[in-house]
Amino acid sequence: MTISADHTAPHTSPEAPAGDALTEAVKKFGITVEDYMLPARHQIQMVDPDGKLKPEGEQGTQPGHEYPVPGDAELLAAYEQLVVGRRVNDQNSALVRQGRMAVYPSSHGQEACQVAAALCLSDGDWMFPTYRDAVAVMTRGVDPVQVMTIFRGDWHGGYDPLQYRVGIQCTPLTTQLLHAVGVAHAAKLRGDDTVVLAMCGDGATSEGDFHEALNFAAVFHLPVIFFVQNNKYAISVPLAHQSVAPSLAHKAVGYGMAGERVDGNDVVALLAVLDRAVKLAREGSGPLLVEANTYRMQAHTNADDDTRYRESAEVAEWRAKDPLTRMRTYLTDRGLLDDDGEARITAHAEAVAAQLREGLGEDVPVDPQDLFRHVFARQTPQLKEQSAFLADELARDAAATDPKEAGK
């Protein structure tokens, strides 16, 4: 695409390259392509850390980057999921200490990102989470015990991705972005109106897969939202040692897509920004990159000692920006949340925690043949041979420990 001095481009046809399609999509905003792709000069924040709605002129918006406050029903639903998510994070940390889960990467403090990511999507859309996005997967409607199965060390991911349109949580960094782009490309080829939301952290933006996913999505003008939860650390590596870009959202313009920054602890702003991103992607505006500035309040996982790379004063500073207390204050001050409503939501959260304790406390029968059943749709000769070898060994072990057989 060639952009002239007045930031206009030639008229595009249905067969035009993605750059021309982007130009057409931008026309409705009455701004230049560059102003559309570059994030707003200030991050979008609608409710401040004290739970007060900011004046419209102080929310960080500008022409082409305007965001209405989401409806009350959407905000109340989000708050309930925030409370449930926080209770799940704390319950899972306890289950790890009890030995009922092998590992758990807590999203304590990041629940607003998790909840908004799930709630902005329609039933037919897809979400591709990271290993830290269990609350998002659960908010998407997956049974909590199924969501946590992978952290128990089971052989499978716990749920059917196709049923929920949620990819299995990925431990390999950034591979899920490529999967997301593939699904979006397939949907576009079929003519579906599917939108795909791909989640990642700030550390993922340093990976080659990040570049490949964004470049492919932009070139083929795919309906993908790349949602970066910038929690300031790639395990122990601070953001300053990963990138010196003005923001991670500014990376979008290098690929030819729109970028935006949002307060990742402000669920009101998150819903507003992501709702709009989904709408734009569904309307054919192409991919978008949304960076949410948030903070991982707890260690990377239960195996991590975060005191070795960050100060307690930094954690305390972010604790004052807690998304849950911020949202509670906002809803209470507006008269949308009272003691009865809070009690009902708390009871719901406790019921989910109890469900996790019961479900993850059950012994799971183990069948070693599962090692071979689910590798390929049609088992290879090598796998058949290995399966038969294992079956023979298990049979001989069983015979050796059978008292009846031992007495013969």
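Higher on the page you've got the structure.
Residues numbered from 1 in each chain as written. Predicted model: local features only at pLDDT ≥ 70, side-chain atom pairs only at ≥ 80, totals over all residues. Heavy atoms only, no water.

Asks: What should I look at first to understand the packing of helix α3 (residues 72-97) against helix α4 (residues 111-119) in this one?
Replies: Helix packing geometry: the angle between the two helix axes and the distance between the axes. Remark: α3 packs on α4, axes separated minimally by 9 Å, with the N-to-C direction vectors making an angle of 130 degrees. Taken together, the axes of α3 and α4 lie oblique to each other. Judged by the sense of rotation from one axis to the other, the crossing of α3 with α4 is right-handed. The segment α3 lies against α4, with A77, A78, Q81, L82, G85, R86 and N89 engaging E111, A112, V115 and L119. A class-by-class count of the residues in the contact of α3 with α4 yields six nonpolar, three polar and two charged. (Axes fitted to C-alpha atoms, helices over the stretch in contact; angles between N-to-C directions. Helix = DSSP H or I, 4+ residues; strand = E, 2+ residues; numbered from the N terminus. Parallel < 35°, antiparallel > 145°, perpendicular 65-115°, else oblique. Left-handed = near helix turned anticlockwise from the far one by under 90°. Contact = heavy atoms within 4.5 Å. Nonpolar A, V, L, I, M, F, W, Y, C, P; charged D, E, K, R; others polar.)

Asks: What exactly am I supposed to notice about the pattern of salt bridges here?
Replies: Pairs can form between side chains of opposite charge whenever their charged atoms are close. Counted according to the given criterion, the structure contains 17 salt bridges. Measuring nitrogen to oxygen at the nearest pair gives 3.0 Å for the salt bridge that ties R334 to D72. In this pair, R334 sits in the loop between α13 (323-333) and α14 (339-361) while D72 sits in helix α3, placing the two residues 262 residues apart along the sequence. A relative accessible area of 38% means that R334 is categorised as partly exposed. Residues E350 and R87 are paired through a salt bridge, measuring 2.8 Å at the closest nitrogen-oxygen approach. Separated by 263 residues along the polypeptide, E350 in helix α14 and R87 in helix α3 bring together distant segments of the chain. You can call R87 partly exposed: its relative accessible area is 22%. (Salt bridge = Lys/Arg side-chain N within 4 Å of Asp/Glu carboxyl O. Buried < 20%, exposed > 50% of the residue type's maximum accessible area, 1.4 Å probe, protein only.)

Asks: Is there a simple way to explain the packing of aromatic side chains in this structure?
Replies: We describe a pair of aromatic rings using the distance from one ring centre to the other and the angle between the two ring planes. Scanning the model with the defined rule gives seven aromatic pairs in all. The interplanar angle of 20 degrees and the centroid separation of 5.5 Å between the aromatic rings of F29 and Y36 together place this pair among those described as stacked. Ring geometry for Y233 and Y309: centres 5.4 Å apart, planes at 55 degrees, overall tilted. Of this pair, Y233 sits in strand β4 (residues 233-234) while Y309 sits in the loop between β7 (288-293) and α12 (312-319), and the two are 76 residues apart along the sequence. Summarising the burial analysis for this pair, Y233 and Y309 share the class buried. One Lys or Arg, K321, reaches over the ring of W318 and ends 4.2 Å from the middle of that ring. (Phe/Tyr/Trp six-rings, centres within 6.5 Å; stacked < 30°, edge-to-face > 60°. Lys NZ or Arg CZ within 6 Å of the ring centre and 35° of its normal.)

Asks: Looking at this structure, I do not really get a nonpolar patch on the surface. What am I missing?
Replies: Together, F216, V219 and F220 give the surface a local cluster of nonpolar side chains, amounting to about 250 Å² of exposed area. Structurally, F216 can be placed in helix α9 (residues 208-219). Taking relative accessible area as the criterion, F216 reaches 32% and is therefore assigned partly exposed. (Patch = residues over 30% accessible without salt bridge, like charges linked within 9 Å, V, L, I, M, F, W, Y side chains within 5 Å. Areas by Shrake-Rupley, 256 points an atom, 1.4 Å probe, with all protein chains shown as cover.)

Asks: Please clarify how the layout of surface pockets should be interpreted in this entry.
Replies: A water-sized probe rolled over the atoms picks out the places where empty space is left. Empty space within the largest pocket amounts to approximately 250 Å³. Around the largest pocket, the lining comprises 19 residues; the ones closest to its centre are Y131, L173, G201, D202 and G203. Considered class by class, the residues forming the lining of the largest pocket number seven nonpolar, seven polar and five charged. (1 Å grid on protein atoms, 1.4 Å probe; cavity = no way out; pocket = protein on both sides within 12 Å on 5 of 7 lines; lining within 4 Å. Points joined across faces, edges and corners; volume = space filled by probe spheres on them.)

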